[in-house]
Amino acid sequence: MTDGAGPVRGGGGSLEAVSAQLAGISAQNEQLRAQVASGRLTIDPEAAEKAAQAYERAQRRVQRLSRNTDLLLKVQGLGEYHSAVQLSRKFEAKADDGSSGAVALLGRLSDELKEKAELFRQAAKDYTATDDAIAQDLMRGEG
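Throughout what follows, the structure given in this document is the object of discussion. (Residues numbered from 1 in each chain as written. Predicted model: local features only at pLDDT ≥ 70, side-chain atom pairs only at ≥ 80, totals over all residues. Heavy atoms only, no water.)

### Section: the pattern of salt bridges
Next up, step 1: This structure, assessed with the given rule, holds five salt bridges.
Next up, step 2: Between arginine 33 and glutamate 115 there is a salt bridge, with its nearest N and O atoms 2.3 Å apart. With a gap of 82 residues between them, arginine 33 in helix 1 (residues 14-38) and glutamate 115 in helix 5 (residues 102-140) connect regions that are remote in the sequence.
Next up, step 3: Given a relative accessible area of 28%, arginine 33 falls into the partly exposed group.
Next up, step 4: We note a salt bridge from arginine 121 to glutamate 56, for which the minimum N-O separation is 2.5 Å. Within this pair, whereas arginine 121 is found in helix 5, its partner glutamate 56 is found in helix 2 (residues 45-67), the two being separated by 65 residues in sequence.
Next up, step 5: The class for arginine 121 is partly exposed, based on a relative accessible area of 30%.
Next up, step 6: Each of Glu30, Arg33 and Glu115 takes part in salt bridges that share partners, so that together they form one network. (Salt bridge = Lys/Arg side-chain N within 4 Å of Asp/Glu carboxyl O. Helix = DSSP H or I, 4+ residues; strand = E, 2+ residues; numbered from the N terminus. Buried < 20%, exposed > 50% of the residue type's maximum accessible area, 1.4 Å probe, protein only.)

### Here we look at the side chain of serine 110
Next up, step 1: Residue placement: serine 110 occurs in helix 5.
Next up, step 2: With a relative accessible area of 8%, serine 110 lands in the buried category.
Next up, step 3: If we ignore the near neighbours within four places in the chain, the residues touching serine 110 are Gln59, Val62 and Gln63. (Contact = heavy atoms within 4.5 Å.)

And the structure:
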């Protein structure tokens, strides 16, 4: 996943980095929503549909990952030693840590991708409606 500054890298604090990037994506969606609502976004309907489809494909990939959360929430195979059990619990806690865990972050990403697809479709719909209104005005001689 990127925020325009590059891909998220693994390592310490990576879930925090993903959470911060999701906040950036959410802010971008808010800006896009404001542009669509005000009519300031003009986009070719065909290009908008292609963008919407791309975001929906990405959302489906995220949803497939989300369906595998059972694997994230139940870490097995590390052994029965006390240290292995503790490590397993740490992995499980990272996966299911409220709003900042991997499971919640995947859900938020899916929601943001769906929102972006819907915004592009709304922009295309508004563009078409405006274009039709202009055409009708011109036919009536009001343009």
